[in-house]
Amino acid sequence: MAAPVQNATPATAGTVKLTADLVSRMVMVKSFSENEQRINSIDFTADGQTMITSSDDDSIVMYNCNLGTKTRAVNSKKYGVDLIRFTHNHNTGIHCSTKVDDTIRYLSLHDNKYIRYFPGHTKKVLTLCMSPQDDMFLSGSEDKTIRLWDLKSPNCQGVMQVTSRAVAAFDPDGLIFGAGVNSQSVKLYDLRSFDKGPFMTWQLEQEPNCDWTGMKFSPDGKHILITTDGEVMRVIDAFTGTQKHVLRGHVNARRQPLEAAFTPDSQFVLCGSSNGIVNAWNVESGQKNADIQTDHTGLIQQVAFNPRFFIMATACTKLNLWIPPDDA
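By the naming in an unreviewed UniProt entry, the protein is WD repeat-containing protein 82, taken from Mesorhabditis belari. Comment text from UniProt for the protein, heading Sequence similarities (unreviewed entry), reads "Belongs to the WD repeat SWD2 family." Quoted verbatim from the Subcellular location (unreviewed entry) field of UniProt, the annotation for the protein is "Nucleus".

S.K.: Can you walk me through the environment of G221 in this structure?
M.R.: Its location among the elements puts G221 in the loop between β19 (212–217) and β20 (223–228). G221 gets classed as buried once you look at its relative accessible area, which sits at 15%. Residues G221 and I115 lie 106 residues apart in sequence; the distance between their C-alpha atoms is 32 Å. Filtering out sequence-adjacent residues up to four positions away, G221 remains in contact with P172, A238 and F239.

S.K.: Explain the pattern of salt bridges to me, please; I cannot follow it from the model alone.
M.R.: Two side chains carrying opposite charge are able to pair once their charged atoms lie near each other. Inspection of the entire model under this criterion finds 15 salt bridges. Here K99 ties to D58 by a salt bridge, and the two come within 2.7 Å at their closest N and O atoms. With K99 in the loop between β8 (92–96) and β9 (104–108) and D58 in the loop between β4 (50–55) and β5 (59–64), this residue pair connects regions lying 41 residues apart in the sequence. For the salt bridge of D150 with K152, the shortest nitrogen-to-oxygen distance reads 3.1 Å. Under the relative-accessibility criterion, K152 is labelled exposed at 56%.

S.K.: Looking at this model, I keep getting lost on unusual backbone geometry. Mind explaining?
M.R.: Phi is positive for K144, which is not a glycine, with a value near 70°. Tracing the backbone through its elements, the reader meets K144 in the loop between β12 (136–141) and β13 (145–150). Relative accessible area serves as the criterion here: at 41%, K144 is assigned to the partly exposed category.

S.K.: I would appreciate a short explanation of the sheet that holds β5 in the present structure.
M.R.: Adjacent strands of a sheet form backbone hydrogen bonds with each other and so pair up, either parallel or antiparallel. In spatial order, the strands read β3-β4-β5-β6; together these four strands make up an open sheet with antiparallel pairing. On the outer flanks of this sheet lie β3 (39–44) and β6 (69–75), each paired with one strand and no other. Here the average twist between neighbouring strands, direction ignored, is 20°.

S.K.: I would appreciate a short explanation of the UniProt feature "repeat: WD" (unreviewed entry) in the protein in the present structure.
M.R.: Mapped onto the present numbering, the UniProt feature "repeat: WD" (unreviewed entry) falls on residues 32–73, 118–159 and 261–291. The annotated region residues 118–159 carries 0% helix and 62% strand content, and the separation between its end C-alpha atoms amounts to 13 Å. Structurally, residues 261–291 comprises 0% helix and 52% strand, and the distance from its first C-alpha atom to its last is 15 Å.

Definitions and limits used
- Residues numbered from 1 in each chain as written.
- Predicted model: local features only at pLDDT ≥ 70, side-chain atom pairs only at ≥ 80, totals over all residues.
- Heavy atoms only, no water.
- UniProt positions renumbered as here; feature names shortened; annotations may be inferred.
- Helix = DSSP H or I, 4+ residues; strand = E, 2+ residues; numbered from the N terminus.
- Buried < 20%, exposed > 50% of the residue type's maximum accessible area, 1.4 Å probe, protein only.
- Contact = heavy atoms within 4.5 Å.
- Salt bridge = Lys/Arg side-chain N within 4 Å of Asp/Glu carboxyl O.
- Pairing = 2+ DSSP bridges.
- Axes fitted to C-alpha atoms, helices over the stretch in contact; angles between N-to-C directions.

Dropping the structure here:
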């Protein structure tokens, strides 16, 4: 059941100017204990109205962000579920599988029926992201391929063979996508001519004892965030490939992939930890600004920020929602 901590209305991203002080004083306003096992992904609709989570207990749960309430739950007991992502229709989503095989599945959330399957990957899918503009989506896998898909067809639209496990992400305009390969190189592809190979490749110094586990463009398109299974993240310039900052200071004792998030204004990066703290860094300076104390008792593997409202979601087996304090 949802447990309201206080009554609060989320502010839109344009009405509050986030500062390091406000980030450090974010307030938990709702807590949900719907899941028996780890929540493995969080996503929002583009308009920020709806949030969705998936869990290792094979459940998918949807929430109303305005009301802070659970609206629907469906299960994927046969195939399992990870990396749940909304399509551009609020009633459909895509997800990868944790059972049977590594097929990506297109699900109607309204009636819990599968619309289409996308077979092709032969090992665990590590990256799944929808284009912000159309029905294309990307997947990256431990099978050393990045695949480009269209929701309208079960056939892969393009395959990029890479030298190791790969992570990938679309830029905010949906015109290019980036791929992180071998935990040391970033390749940029033009979506209209991806078959010609990357138009830009940047080599970064490889961090010892950790692998890249995720990639995200900032909402303003100026930076790329690279997350890892270690105690380090990187922020690079999305136009030049120059490494701007190495973000450190969060605890990841068990070397788990930690999901991090940009705030909607692209000013801050937030990431969880294995010690119950959400950490925040300033994107421009690279300075760590805040340690946000939480009541999470397990690993905070998921941190996500609503794209339209100043709502942060954090998760272990429990899901918490946070907003800036009343004096924001």
